[in-house]
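Per-entry structural report
The lines below spell out each chain.
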Amino acid sequence: MSVIKINNLTKEFGELTAVDNVTLSIEKGQLFGLLGPNGSGKTTMIKMLTGQLKPTNGTAKILDIDVLDDPIKVRTKVGIIPEQETPPSFLTAQEYLEFVGSIRKLSNIKKLSEKWFKMLDFEDQKNALCKDLSRGTRQKLMVAQAFLHEPQIAFIDEPLINLDPIIQRTLKDFLLDYIKKGNTVFFSTHVLEIAEEICTQIGIIDKGKLLHKGSITELKNKRQHLEDFFLKLVKEG
Amino acid sequence: MGFEILKIMIKEEWRLHTSLFGKRMFALFPIMIGIGAFIASLFLPYIKTIMTTQQMVQSAHYIFILFGVSIGSFGLAGKEIMNRRFGQASLVAYSSRSLPVSERTIFLNFLIKDIIYYVILWILPIIFGLVIATLFIKINTISMLLVCGTLILSFLIGLSIVFFLSTLYAHSIKLLIAFLTMGLVAILILINFYSIGITNILLPYSIYYNPSVTKLLLIMILIFVPSILSLIFLKIDYPEKKRQYKNSLMDLSFKFKFSQHSYYIAKDFLDLKRSEGGLGKIIFSFLFPIGLTWLFLYIFLELIPTVKAIMIFAVFLGIVSASIYNMLTAFDTFNPYMFLPVKVSTIIKSKIISYLIVSIFSFIILVLVAISLNQLEWFIPALLSFITISFYSLSMTIYFAGLHPTILFYNSKIFAQYICTVSPILFVFTIASILNPYIMLASPVLLIPALFVLKKSYKKWDKWKPLSI
């Protein structure tokens, strides 16, 4: 069952075509990695799929909800970790999770947030203002807010950036366990090792065009290295 | 490095604004201010019939000091305003993180850049409008130019003093209180024991009528010494000094339980409380417009002595109190909400409630003024008039500028639209208040179009792509 259906999705910024006529569908329970060089259209794609950016053309459905018709409903159902945004400056980390929990109308916010403080090992920072947190701790907080409501789909833009190797391992294990439970992850990265390690499916995008979509197992069966495959594909354009 | 940082910062500020709403719309802003000053100056001969020239010049100096204080209050928020304005963008203001440039150098350049920008956007156009107007009215152009020169000095004194006070505040609030007390005592001693008039303490005004090198030197000391001291003792928050805060969002949110947006309102108040300057920022941002209101009131009372002063004050207070909304939006862009299931209109609605709560300040001011003017019998029509015009101008602010009034009002088209929709109402309310204050009992009728505009605003801003820098 496809939980993400993308049909001829295009985004133009003036003369620049950031995403060019992409058609793609992702099945439930997949960990889909959208790979591409810097500026290839990965973030634009995630923003369109989560209703943060209006496409110039095409449609996208998340859990059968048309993103253009009801972006708020989509964002209610999914979790999003944006690439750059940071939590509001003057709330503490704990307050921020409570704030997000209130927006998402969760009932046991305190318990849920405690779980994330423990899992990502930043309990000692929970009473510090978000503006005073290190980039890594802010990233942990963004991870926690995205999964606080236990969404069926998570959209993650460069998920492991700024995190130390221990937390990276924790998060990788969490994501693998998360898809085992039937959830889906759509994440973008240019770090190929991460994709090779945890993704079940990959898509390669360059200059807005989707150059390839397939499973990691296929590549492994062909004894092909993801890095070689990626470089060859992107160079050939 | 010389002036390179400053030049780049100025270029950056220009590109920041022009990228948001186009070169022409931004460039037209000072022209509009100049035209406004020109039109206002044409009324000077009429004002001269009720005020002496000296009184006018003195009032103008007070206004420019307050203007400097108001503009300079960015020093109170310092880096927070830089953060808010620049967000996560890698601008020159953050160069000290990656380049061998100290934060002090960066801040000095930032300060000079802001002074240049405000002088170009506001001060010079006002002066230009005043000077051009002298060609049409019987006021000597040279005298006007001289007044403009001393007005700039007043502006710079205001700016320098508030910058110094904000530095003291950053170190210790006790230090600030001690300094303010000492300053007040010194002024009282000068006035009472040395018989130095208040006009002599207002040096730029004094130098206009009695020029002297000593006064000019004292003015330079007042401008440069506090600024230099502030830069020397500039305090920058380093991460290792980070504080732990008691978790209070939910408790505060419970107090606003009457609204379905209680947690957004609680967040607004925590933003105001925990950012530098605290709730005092709101009072601070009120000084300049309230000062202006008093001046208008003074003119009106002289012009038409029978007028009920409280009525006029209520009308102007209504307009200026809408600036509280600007402060409430100053620490909150929509970007951190974009990935959550939140509409722009939800945030706007919560800001309106926060605005209504903070408007209690304005209400208290209105009560105090009514008592001090001994005009309590007019309080009800004055209150209705205040509520109506305040809500009307708030709805127009929201319609034209959404969550970004401090940025979008620099778009001359948006600013002109706002002025065109608010000033006729201001005019009608003022005239009605003069004719018969009881007419204002019907003023809440205006709440109907205001609510209609608000409803349209929600739709407009929900469709709009948030500003990103």
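Residues numbered from 1 in each chain as written. Chains lettered and ligands numbered in written order. Predicted model: local features only at pLDDT ≥ 70, side-chain atom pairs only at ≥ 80, totals over all residues.

1. Some details on the overall build of chain A
- Helix and strand content of chain A: 9 helices and 10 strands.
- Taking 18 Å as the expected radius of gyration for a compact globule of 237 residues, we find that chain A reaches 18 Å, a close match to that expectation.
- Each of the three principal axes of chain A carries a C-alpha extent, and together these read 50 × 40 × 35 Å.
- Out of the 237 residues in chain A, the part that is buried amounts to 49%.
- A sequence separation of at least 24 residues applies to 68% of the contacts in chain A between residues at least 6 apart. (Helix = DSSP H or I, 4+ residues; strand = E, 2+ residues; numbered from the N terminus. Rg over C-alpha atoms; globule rule 2.2 N^0.38 Å. Buried ≥ 20, exposed ≤ 12 C-beta atoms within 10 Å, placed from the backbone. Contact = placed C-beta atoms within 7 Å.)

2. Brief notes about the interface of chain A and chain B
- Contacts between the two partners involve 28 residues from chain A and, on the opposite side, 25 residues from chain B.
- Of all elements in the fold, only α2 (71-77) and α3 (93-103) of chain A reach the threshold of two or more residues within the side of chain A that touches chain B.
- Take the side of chain A that touches chain B: its biggest share by element is 7 residues, from α3 of chain A.
- Residues that form the side of chain A that touches chain B fall into these classes: 12 nonpolar, 10 polar and 6 charged. (Nonpolar A, V, L, I, M, F, W, Y, C, P; charged D, E, K, R; others polar.)

3. Details of the packing of helix α19 (residues 344-358) of chain B against helix α24 (residues 447-463) of chain B
All names here are of chain B.
- Running from N to C, α19 and α24 point in directions that differ by 135 degrees, and their axes come no closer than 8 Å. Comparing the axis directions of α19 and α24 gives the class oblique. The residues of α24 that touch α19, namely those facing V344, S345 and I348, are S457, Y458, W461 and D462.
- Counted by class, the contact of α19 with α24 contains 4 nonpolar, 2 polar and 1 charged residues. (Axes fitted to C-alpha atoms, helices over the stretch in contact; angles between N-to-C directions. Parallel < 35°, antiparallel > 145°, perpendicular 65-115°, else oblique.)

4. Notes on the sheet that holds strand β2 (residues 16-27) of chain A
All names here are of chain A.
- Taking strand neighbours across the sheet as the criterion, the 4 strands line up as β2-β1-β4-β5 in an open arrangement whose pairing is antiparallel. Of all the strands in the sheet, just β2 and β5 (65-66) have a single pairing partner and so form its edges.
- Where strand β1 (residues 2-13) and strand β4 (residues 57-62) come together, 5 bridges link them in antiparallel fashion. Following the sheet pairing, I6 is matched in β4 by A60.
- Sheet strands in contact with helix α1 (residues 42-49) are β1, β2 and β4, and its direction is about 60 degrees off that of β2. (Pairing = 2+ DSSP bridges.)

5. Observations concerning the sheet that holds strand β3 (residues 31-35) of chain A
All names here are of chain A.
- Strand order in the open sheet formed by 6 strands is β6-β7-β8-β3-β9-β10, and the pairing between neighbours is mixed. What marks the edges here is a single partner per strand, and that holds for β6 (78-81) and β10 (209-215). With direction set aside, neighbouring strand axes in the sheet form an average angle of 15 degrees.
- Direction of pairing for strand β7 (residues 153-157) relative to strand β8 (residues 184-189): parallel, over a ladder of 5 bridges. Looking at the pairing, I153 lines up with T184 of β8.
- Its contacts with the sheet place helix α6 (residues 165-180) against β3 and β8, and it is angled at close to 145 degrees to β8.
- Where helix α9 (residues 226-236) meets the sheet, it contacts β3, β9 (201-206) and β10, and its direction lies at approximately 30 degrees from that of β9.

6. A closer look at the packing of α3 of chain A against helix α4 (residues 109-119) of chain A
Residues and elements named next belong to chain A.
- Running from amino to carboxyl end, α3 crosses α4 at an angle of 130 degrees, the nearest separation of the two axes being 10 Å. The angle between the axes of α3 and α4 places the two elements in the oblique class. Where α3 crosses over α4, the handedness of that crossing is right-handed. Mapping the contact onto sequence places Q94, L97, E98 and G101 in α3 and I109, L112 and S113 in α4.
- Tallied by class, residues from the contact of α3 with α4 come to 3 nonpolar, 3 polar and 1 charged. (Left-handed = near helix turned anticlockwise from the far one by under 90°.)

7. Focus on unusual backbone geometry
Residue and element names in this part refer to chain A.
- In this model, D121 sits at a positive phi of 55 degrees, which is unusual for a non-glycine residue.
- Tracing the backbone through its elements, the reader meets D121 in the loop between α4 and α5 (135-147).
- Note on D121: 14 C-beta atoms within 10 Å, which makes it partly exposed.
- A positive phi is found at K207, a non-glycine position, where the angle reads about 50 degrees.
- Examined against the element boundaries, K207 turns out to sit in the loop between β9 and β10.
- According to the C-beta neighbour criterion, K207 is partly exposed, with 17 such atoms within 10 Å.

8. Some details on the pairing of β9 of chain A
Residue and element names in this part refer to chain A.
- β9 sits mainly inside the fold: 6 of its 6 residues count as buried.
- Neither face of β9 is exposed, since Q201, G203 and I205 on one face and I202, I204 and D206 on the opposite face are all buried.
- Here 4 bridges tie β3 to β9, and the two strands are oriented parallel to one another. The partner of L35 across the bridge, within β9, is I204.
- With 6 bridges joining them, β9 and β10 adopt antiparallel strand pairing.

9. Side note on the confidence of the model for chain B
- Confidence along chain B averages 81 in pLDDT terms, with 83% of residues attaining 70 or more.
- Low confidence marks residues 84-90 of chain B, where pLDDT is under 50. Its contacts with residues over four positions away, or in another chain, come to 10 contacts. (pLDDT = per-residue confidence, 0-100.)

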